[in-house]
Amino acid sequence: MGESSGGGVLPTPESTSIEVMAHLKAGKCTTVELIGHYLRVLETTGRDLGAAVEVHSDSALAAAQESDARRASGKPLGKLEGVPFTAKMNISTAEGTTDAASGMLRGFKANEDSTAVARLRAEGAILVGKSNCDEFAMGASNESSHHGVVHNPWDRDRVPGGSSGGAAALAGSFGWAFHLGSDTGGSIRQPAAFCGATGLKPTWGRVSRRGLVAFGSSLDQIGPLTRDARDAQLVLSVMEGGDPLDATSQDFDSVKTPTETSAETISMKRIGLVSEGLTDAIDPEIRQRALEVTEQLKNMGHEVVEVSLSTLSKANACYQVIATAEASSNLARFDGIHTGQRVESEDLEELYSKSRRQGFGAEVRRRIMLGTFVLSSGYIDAYYGKAQQVRHEIRQEILSALDTVDSLMMPVSPFAPFKIGERVSDPLALYACDILTVTANLAGVPAVAIPCGFDSGGLPIGLQWMGKHGDDHRLLDLATSLQDQDDAWRGLPPGGSQ
Ligand code: GLN
């Protein structure tokens, strides 16, 4: 039983969003009690971990009151009625700021919801705050935010992963809510793996990017970080679908509404275990876990075959060129004149350069310079053009592999969550975090990461599955069937929740 607050009994801390809705429906507590308690969690644990940057108490409690009134009057309720959620600092919301964790956008108010947030609110979900992230979502450790570092809830001396580190730390430390992140090269899946959460990078174009601060437009996707895959399934079904305000978004297959019962049929029968994800470059305990999970999958009736993705070794270099090229172009608008913090100067050139030098942090400046270089005349063919060719090759290889198997399985991160400060001064050591995640973004395919137990140090291990374009819900069905086997796959430690 959860603790009581007001007159009601609250759900247990590890409850999923779907369980929270059942709890509210059964009248065990009011939405105001539930949201009031979650706001306190954000103010204490959330702030303490550095994960919650803003807590929107007034608007969230007002929304909770409206929800209680709707329920009392018997009016139709939303698919996510009363469920708390947070948005990453690079996702626009009507309340609060949307500064992408950058000094450049300090205090910036979007004053309008992104399409994803608007759709969630229309179904009764309640925005409770904004989560920390790496500056402009560039990073894998959440150490580049101007709001400060985020601590991993499983070991406070370690990073939560990035760039959606705040969202993952929140998802890994308390249930009830879901958290919106963005994934350009792994920023939902890698922090989810580091913090013991479930994270989905949807098919590119499935969720509208309107209102997302752009990093690499051909790679960026908004997606959920949740307690489990059922919650992710539900959140995706509400957010997804074409949006006239994002010409690159589109409808994919039918929307599936999750049920409380486990999947009866085997989803994704044939699974490809990616051999390049099991090389010496990967931590032996993570490799071992992948092999154990393979055995579990076989016991569940799946066929697991080893698949080689030879282009995986080229993916990170290709990603670095394409992501930095797109970032340099997307971030050009922050010049201190049209957008962004201004450092005054009589001289226009100097105004630009001073504003950009002071507004952006070191990692963002590095990426803008790299991106400008790979697009510059004389180099564009050798770098950007070449990277586009390699991207095509990667995509082709993934798609042909997915003609022979239903999904491709591999670890999310080559290593366990590392110590805060351990890699921050070595950009290449940080880019190495992305070797297994960028492929899904380059190919545009969906990928789900779920917790698959813990290493000997008690740190979560995450595995991921990629599927064909549009196969997001089938991947989530697969993840659900795994999570129904074993609570460790929901990220719960052996002795119960934290
Ligand atoms: N870690 C990757 C990077 O630093 C991915 C970032 C992301 O997905 N937003 O670019």
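Please refer to the structure placed before this passage.
Rules behind the numbers
- Residues numbered from 1 in each chain as written.
- Predicted model: local features only at pLDDT ≥ 70, side-chain atom pairs only at ≥ 80, totals over all residues.
- Heavy atoms only, no water.
- Buried < 20%, exposed > 50% of the residue type's maximum accessible area, 1.4 Å probe, protein only.
- Helix = DSSP H or I, 4+ residues; strand = E, 2+ residues; numbered from the N terminus.
- Pairing = 2+ DSSP bridges.
- Near = heavy atom within 4 Å.
- Polar contact = N/O pair within 3.5 Å; in protein donor to acceptor, adjacent residues only side chain to side chain.
- Nonpolar A, V, L, I, M, F, W, Y, C, P; charged D, E, K, R; others polar.
- Right-handed = clockwise from strand over helix to strand, strands pointing away.
- Axes fitted to C-alpha atoms, helices over the stretch in contact; angles between N-to-C directions.
- Parallel < 35°, antiparallel > 145°, perpendicular 65-115°, else oblique.
- Contact = heavy atoms within 4.5 Å.
- Core = buried A, V, L, I, M, F, W, Y, C linked by side-chain atoms within 4.5 Å.
- Patch = residues over 30% accessible without salt bridge, like charges linked within 9 Å, V, L, I, M, F, W, Y side chains within 5 Å.
- Areas by Shrake-Rupley, 256 points an atom, 1.4 Å probe, with all protein chains shown as cover.
- Salt bridge = Lys/Arg side-chain N within 4 Å of Asp/Glu carboxyl O.

## Let's talk about the pairing of strand β7 (residues 198-201)
Side chains Thr198 and Leu200 of β7 all project onto a buried face; the interleaved residues Gly199 and Lys201 project onto the opposite face, where all are buried too. As defined by bridge partners, β7 adjoins strand β8 (residues 221-226) across two bridges and the pair is classed as antiparallel. When the bridges of β8 are listed, Thr198 appears paired with Thr226. In this sheet, strand β12 (residues 447-454) lies alongside β7 in antiparallel orientation, the contact comprising three bridges. Within β12, the residue paired with Leu200 across the bridge is Val448.

## Considering the site of the ligand
Close to the ligand lie 14 residues, the nearest being Thr184, Gly185, Ser187, Tyr319 and Arg367. At a separation of 2.7 Å, an oxygen atom of the ligand approaches a polar backbone atom of Thr184. The contact in question runs from an oxygen atom of the ligand to an N or O atom on the backbone of Gly186, over 3.3 Å. Across the shell around the ligand, the residue classes tally to five nonpolar, six polar and three charged.

## Section: the pairing of strand β4 (residues 84-88)
Burial runs high along β4: five of the five residues are buried. Residues Pro84, Thr86 and Lys88 line one face of β4 and the alternating positions Phe85 and Ala87 line the opposite face, and both faces are buried. Pairing of β4 with strand β5 (residues 126-131) involves five bridges; the strand directions are parallel. In the strand pairing of β5, Ala87 is matched with Lys130. Once you follow β4 into helix α4 (residues 115-122) and on to β5, the crossover reads as right-handed.

## Here's the deal with the packing of α4 against helix α7 (residues 229-239)
Helix-helix packing is characterised by the crossing angle of the two axes and by the distance between the axes. At their nearest, the axes of α4 and α7 sit 8 Å apart, and the two run at 110° to each other. Judged by the angle between their axes, α4 and α7 are roughly perpendicular. Contacts between α4 and α7 involve Ala116, Arg119 and Leu120 from the first element and Val235, Val238 and Met239 from the second. Here the residues of the contact of α4 with α7 sort into five nonpolar, no polar and one charged.

## What about the side chain of Asp471?
Following the sequence through the fold, Asp471 ends up in the loop between β13 (460-466) and α15 (472-483). Leaving out residues up to four positions away in the same chain, Asp471 has contacts with Thr203, Met268 and Pro446.

## A closer look at the nonpolar core
Core analysis: the largest hydrophobic core is formed by 48 residues, its most contacted members being Phe136, Leu309, Ile398, Leu408, Leu442 and Met466. It is helix α9 (residues 312-330) that contributes the most residues to this core, nine residues altogether. Once residues lying within four places of it in the same chain are set aside, the contact partners of Phe136 are Ala100, Ser102, Met104, Leu105, Val213, Phe215, Leu331, Phe334, Phe360 and Val364.

## With respect to unusual backbone geometry
The omega angle of the peptide bond from Gly162 to Ser163 is 10°, so this bond is cis rather than trans. Along the polypeptide, Ser163 turns up in the loop between β5 and α5 (165-173). For Ala137, which is not a glycine, the phi torsion comes out positive at approximately 65°. Note on placement: Ala137 falls in the loop between β5 and α5.

## Comments concerning the sheet that holds β8
Spatial ordering of the open sheet is given by β3-β5-β4-β6-β8-β7-β12-β13-β11-β9-β10, a layout of 11 strands whose pairing is mixed. One side of each edge strand has no neighbouring strand; the edge strands of this open sheet are β3 (52-55) and β10 (303-307). Taken over all neighbouring pairs, the strand axes of this sheet differ in orientation by 30° on average, direction set aside. Together, β7, β9 (270-274), β11 (407-411), β12 and β13 form the strand contacts of α15, whose direction differs from that of β12 by roughly 15°.

## Regarding a nonpolar patch on the surface
There is a patch of nonpolar side chains on the surface, built from Phe373, Tyr379 and Tyr383 and spanning about 280 Å² of accessible area. Structurally, the position occupied by Phe373 is in helix α11 (residues 362-375).

## Some thoughts on the environment of Gly50
The residue Gly50 is located in the loop between α2 (31-48) and β3 in this model. Classification of Gly50 by relative accessible area gives buried; the value is 18%. Note: C-alpha distance between Gly50 and Cys133 (83 residues apart in sequence) is 9.8 Å. Not counting residues within four places of it along the chain, the set of residues in contact with Gly50 comprises Asn132, Val149 and Val150.

## So, the packing of helix α1 (residues 17-25) against α7
Put simply, α1 and α7 touch, their axes get as near as 8 Å, and they point 80° apart. By the angle class used here, α1 and α7 are roughly perpendicular. Residue-level contacts link Ser17, Ile18 and Met21 of α1 to Arg230, Asp231 and Leu234 of α7. Residues belonging to the contact of α1 with α7 are distributed by class as follows: three nonpolar, one polar and two charged.

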